[in-house]
Amino acid sequence: MYWVSVFTEAGIFAILALGLDMVWGWSGDFDLAFYGYLAIGSYMTFVLSIGKPTPPVEYIIGWHLPVLIAIPLAVVVVVGLAAVVGAIALRNLRGIYFAVTTLGAVSALYLLVENYTPLFDGYNGVYGLINPGQSALNLTYNGYRIFFLVIVLVLLFLSYLLVQRLSRSPFGRMVRSVREDERAAAAYGRQVFFTKYRAYLFGAALAGLTGGLFAIFISAFNPSAWTPQELLLIYAAILIGGRGNPRGVILGVFVVYIGFIELTRYLPSPASRPDFGPALRQVLIGLLIILMLRFRPEGVFRERPGLDTERGPAGRPRPGWVEALATAAKGTAVPPASQRAAARRRAGE
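Residues numbered from 1 in each chain as written. Predicted model: local features only at pLDDT ≥ 70, side-chain atom pairs only at ≥ 80, totals over all residues. Heavy atoms only, no water.

A. Geometry of the overall build of the chain. Within the chain one finds 14 helices and two strands. By residue count, 48% of the 349 residues in the chain fall in the buried class. Pairs at least 24 residues apart make up 76% of the contacts formed inside the chain by residues separated by at least 6 positions. For the chain, the accessible surface area stands at approximately 16,700 Å², while carbon and sulfur atoms represent 65% of it. (Helix = DSSP H or I, 4+ residues; strand = E, 2+ residues; numbered from the N terminus. Buried < 20%, exposed > 50% of the residue type's maximum accessible area, 1.4 Å probe, protein only. Contact = heavy atoms within 4.5 Å. Areas by Shrake-Rupley, 256 points an atom, 1.4 Å probe, with all protein chains shown as cover.)

Here's what the structure looks like:
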């Protein structure tokens, strides 16, 4: 059952990575508030499904809804929160300013949840979500864990199909055109803010879904599970697998969570330094990020947005990519590279 739990956790975080890749990989916005959306999704799933609190425990709502209803409602709440953060951060902020704004938002949210006890019981967090469906399906504990793994993998597959379809659609190409050159995309009539905003909200919806699945998986959630290292791991997985490539993103998550999180648990730790193993694990992940940035910055699977653009060294587009991206933003077909080169030669003549 140990490896069943490992693959279940990796599958859950793969869905989160697909959502984050839409924000960072497609739009190019380095969002530091994203793990907060998972946290709110988990909290809301709990308070909507575990019933009224019993003193001294305190939390809001306290409904007893079925989990299949609680999770969609939690996703709606997460998307509503992301709509507020995105409307502020995406309007006029780019680069480091966007990252700092989202960091401030998630820090304020974290402090509110941690210190205002009546919201989600403060430091203690919420718990008590009984494995849904176990008794109804008459499953043993091990049988339920396997069943839940299958559910997670099915949801991951459906999320992958949806994201992959969006990635290859005119919308996906439009988001990338805005990422590459906002002025060029705006010159061709694209609405830069609303393009990024829609991608941001869709990514937040996947984060809310992840939060609901994570609540079922661990049956408890408190501020100690809400650490910056978790988001660093997701960014590392996207970078390793291939930013902007849904297949690479999923591969990167499984490589990081199985190859670098679980297998490094077997590293020996001195009796006097029990924290040596976890610290070395973080060092190895940081070293992996550095090596990938140095030798293969595009990741294991290079981004393939469906554009037939010429590429130079290190996967960088050659001159003429602005026209191709802007054309793709309109949803029209892009002429082959040979035709574009011939057109340029004729223009030179």
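B. Region of interest: helix α11 (residues 246-262). In a regular helix each residue adds 1.5 Å, so 17 residues correspond to 24 Å; α11 covers 23 Å between its end C-alpha atoms and thus fits that length. Among the 17 residues in α11, twelve count as buried, and that is most of the element. Within α11, burial applies to Pro246, Gly248, Val249, Ile250, Gly252, Val253, Phe254, Val256, Tyr257, Ile258, Ile261 and Glu262. Those residues of α11 that are buried are in contact with α1 (2-26), α6 (141-168), α10 (228-241) and α12 (276-295). Between the side-chain oxygen of the N-cap and the backbone nitrogen of arginine 247 there are 3.1 Å, and the N-cap of α11 in question is asparagine 245. (Expected span 1.5 Å × (residues − 1). Polar contact = N/O pair within 3.5 Å; in protein donor to acceptor, adjacent residues only side chain to side chain.)

C. Up close: the packing of aromatic side chains. Per the counting criterion, the structure on display carries 20 aromatic pairs. A centroid spacing of 6.4 Å and a plane angle of 90° characterise the contact between phenylalanine 98 and tyrosine 200, whose relative ring orientation is edge-to-face. Of this pair, phenylalanine 98 sits in helix α4 (residues 96-115) while tyrosine 200 sits in helix α9 (residues 192-218), and the two are 102 residues apart along the sequence. On the accessibility criterion, phenylalanine 98 (0% relative accessible area) is buried. Look at phenylalanine 193 and phenylalanine 194: their rings are 5.1 Å apart centre to centre, the planes differ by 70°, and that puts the pair in the edge-to-face class. (Phe/Tyr/Trp six-rings, centres within 6.5 Å; stacked < 30°, edge-to-face > 60°.)

D. Structural context of the pattern of salt bridges. Counted by the stated rule, this structure contains seven salt bridges. Residue arginine 176 is joined to glutamate 303 by a salt bridge in which the shortest nitrogen-to-oxygen separation is 2.3 Å. Within this pair, whereas arginine 176 is found in helix α7 (residues 170-180), its partner glutamate 303 is found in the loop between α12 and α13 (321-329), the two being separated by 127 residues in sequence. Using a relative accessible area of 1% as the deciding quantity, one classes arginine 176 as buried. For glutamate 303, a relative accessible area of 13% puts it in the buried group. Between arginine 296 and glutamate 298 there is a salt bridge whose closest N-O contact spans 3.5 Å. Because the salt bridges share partners, they merge into one network encompassing Asp29, Arg94, Glu182 and Lys196. (Salt bridge = Lys/Arg side-chain N within 4 Å of Asp/Glu carboxyl O.)

E. Looking closely at the side chain of aspartate 31. With respect to the secondary-structure elements, aspartate 31 resides in the loop between α1 and α2 (34-47). Of the side chains with opposite charge, lysine 196 lies nearest to the buried aspartate 31, which makes no salt bridge, at 12 Å. Engagement of the side chain of aspartate 31 in a polar contact is seen with the backbone nitrogen of alanine 33, the distance being 3.0 Å. A polar contact of 3.2 Å, which involves the side chain of aspartate 31, links it to the side chain of tyrosine 200. Once residues within four sequence positions are removed from consideration, aspartate 31 is found in contact with Leu20, Val23, Tyr37, Phe98, Thr102, Tyr200, Leu231 and Tyr235. (Lys, Arg positive; Asp, Glu negative; His and termini not counted.)

F. Main features of the packing of α2 against α9. Contact geometry of α2 with α9 gives a least axis separation of 7 Å together with a crossing angle of 50°. If you check the angle between α2 and α9, you find them oblique. Where α2 crosses over α9, the two elements pack in a sense that is right-handed. Contact with α2, carried on its side by Phe34, Tyr35, Tyr37, Leu38, Gly41, Ser42, Thr45 and Phe46, involves Tyr200, Gly203, Ala204, Ala207, Gly208, Thr210, Gly211, Gly212, Phe214 and Ala215 of α9 and no other residues of that element. Tallied by class, the residues present in the contact of α2 with α9 amount to ten nonpolar, eight polar and no charged. (Axes fitted to C-alpha atoms, helices over the stretch in contact; angles between N-to-C directions. Parallel < 35°, antiparallel > 145°, perpendicular 65-115°, else oblique. Left-handed = near helix turned anticlockwise from the far one by under 90°. Nonpolar A, V, L, I, M, F, W, Y, C, P; charged D, E, K, R; others polar.)

G. Spatial organisation of the packing of α7 against α9. Between α7 and α9, whose axes approach to 10 Å, the crossing angle comes to 120°. Taken as axis vectors, α7 and α9 run oblique relative to one another. Remark: the crossing between α7 and α9 carries left-handed chirality. Touching Phe171, Met174, Val175 and Val178 of α7 are Val192, Thr195, Lys196, Arg198 and Ala199, all from α9. Grouping the constituent residues of the contact of α7 with α9 by class yields six nonpolar, one polar and two charged.

H. Layout of unusual backbone geometry. Residue proline 55 is joined to proline 56 through a cis peptide bond whose omega torsion reads 10°. Within the fold, proline 56 resides in the loop between α2 and α3 (67-92). Backbone geometry places aspartate 121, a non-glycine residue, at a positive phi of 65°. You can see aspartate 121 is positioned in the loop between α5 (117-120) and β1 (126-127). Note on aspartate 121: relative accessible area 5%, which makes it buried.

Purely geometric stuff here, so don't read any function into it on its own.
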